[in-house]
Amino acid sequence: MRTSEDNLVELIRGSGLEVDRVQGNEPGPSVETAWRAMAGFGVEPSASFPLKGDLGGVHQMWLEHARRADVIGVDGTFLLTAVVTGSSGVGWVRVRLTDSADVARLIDDQGRIEFIARSSSGDHICGITAEEYDYWIVSLTL
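Report follows, based on the coordinates. (Residues numbered from 1 in each chain as written. Predicted model: local features only at pLDDT ≥ 70, side-chain atom pairs only at ≥ 80, totals over all residues. Heavy atoms only, no water.)

1. Side note on the sheet that holds strand β4 (residues 92–96)
Taking strand neighbours across the sheet as the criterion, the seven strands line up as β1-β4-β3-β5-β6-β7-β2 in an open arrangement whose pairing is antiparallel. The open sheet terminates on both sides in strands that have one partner only, identified here as β1 (18–24) and β2 (47–50). Geometrically, the sheet is characterised by an average inter-axis angle of 25° between neighbouring strands, direction not taken into account. Strand direction decides the pairing type here: strand β6 (residues 124–130) and strand β7 (residues 134–141), joined by seven bridges, are antiparallel. Each bridged residue has a counterpart across the sheet, and for isoleucine 128 the counterpart in β7 is isoleucine 137. (Pairing = 2+ DSSP bridges. Helix = DSSP H or I, 4+ residues; strand = E, 2+ residues; numbered from the N terminus. Axes fitted to C-alpha atoms, helices over the stretch in contact; angles between N-to-C directions.)

Next up, the structure:
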């Protein structure tokens, strides 16, 4: 029987990111804490783009914001979660950028891009969330 961890790792690998290991929620902040911060009142996007349309430049746009927010390590690693049933219980997955990576392939069961990347230190996050008519790239310091 497939687990939430299996589903999350499969989704991440399908985006072209290299999975290093499942880290879990310790040390924090947890996946749940990061999602609450992204959905917080008064949170504004660093950038946005339409829900419907060409997603060709999404990866590069997110990558620029994630690098600016110090989410991606010098070795190309960061922690990641995506929307899959049970993913908050799985926690963070340590991943590495590859030449074939495309975060626009981190699609949830509603057909939307939804994920958060976190710096290894836990201080910074940068993710994409679907809002009413747009996707938001949100970068925050935790």
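2. A short note on the side chain of arginine 118
Within the fold, arginine 118 resides in strand β5 (residues 115–118). Buried charge without a partner: arginine 118 forms no salt bridge, and the closest opposite charge is aspartate 123, 7.5 Å away. Here the side chain of arginine 118 touches proline 29 through a polar contact of 2.6 Å, landing on its backbone oxygen. Dropping the residues within four chain positions of it, arginine 118 is found in contact with Gln23, Pro27, Gly28, Pro29, Val71, Phe78, Leu79, Trp92, His124 and Ile125. (Buried < 20%, exposed > 50% of the residue type's maximum accessible area, 1.4 Å probe, protein only. Lys, Arg positive; Asp, Glu negative; His and termini not counted. Salt bridge = Lys/Arg side-chain N within 4 Å of Asp/Glu carboxyl O. Polar contact = N/O pair within 3.5 Å; in protein donor to acceptor, adjacent residues only side chain to side chain. Contact = heavy atoms within 4.5 Å.)

3. Here we look at the packing of aromatic side chains
Note on aromatic pairs: each is described by the distance of the centres and the angle between the planes. Tallied over the full model, the rule gives three aromatic pairs. Ring geometry for phenylalanine 49 against tyrosine 135: centres 5.1 Å apart, planes inclined by 35°, an arrangement best described as tilted. Of this pair, phenylalanine 49 sits in strand β2 while tyrosine 135 sits in strand β7, and the two are 86 residues apart along the sequence. Take phenylalanine 49 and tyrosine 135: they sit in the same class, and that class is buried. Seen from their ring centres, tryptophan 62 and phenylalanine 78 are 5.7 Å apart, and the 55° between their planes marks the pair as tilted. Of this pair, tryptophan 62 sits in helix α3 (residues 58–68) while phenylalanine 78 is found in strand β3 (residues 77–82), placing the two residues 16 residues apart along the sequence. (Phe/Tyr/Trp six-rings, centres within 6.5 Å; stacked < 30°, edge-to-face > 60°.)

4. Points about the pairing of β4
Most of β4 sits inside the fold, with four of its five residues counted as buried. Across five bridges, β1 lies against β4 in antiparallel orientation. The partner of valine 19 across the bridge, within β4, is valine 95. In the sheet, β3 pairs with β4 via four bridges, with the strands oriented antiparallel. Note on β4: the bridge partner recorded for phenylalanine 78 is valine 95.

5. Brief notes about the environment of histidine 124
In this fold, histidine 124 is placed in strand β6. Each C-alpha atom of the pair histidine 124 and alanine 34 lies 9.4 Å from the other, and the pair is 90 residues apart in sequence. A distance of 3.5 Å separates a polar atom in the side chain of histidine 124 from a polar atom in the side chain of threonine 141.

6. Some details on the nonpolar core
Residues Ile12, Trp62, Phe78, Leu80, Phe115 and Ile128 are the most contacted members of the largest nonpolar core, which totals 36 residues. Elements with a minimum of two residues in this core: α1 (4–14), β2, α3, β3, β4, β5, β6 and β7. Beyond its immediate stretch of four places on either side in the chain, isoleucine 12 contacts Leu17, Val19, Leu80, Val93, Val95 and Leu106. By size, the runner-up hydrophobic cluster in this structure holds nine residues, among which are Val31, Val43, Trp92 and Val138. (Core = buried A, V, L, I, M, F, W, Y, C linked by side-chain atoms within 4.5 Å.)

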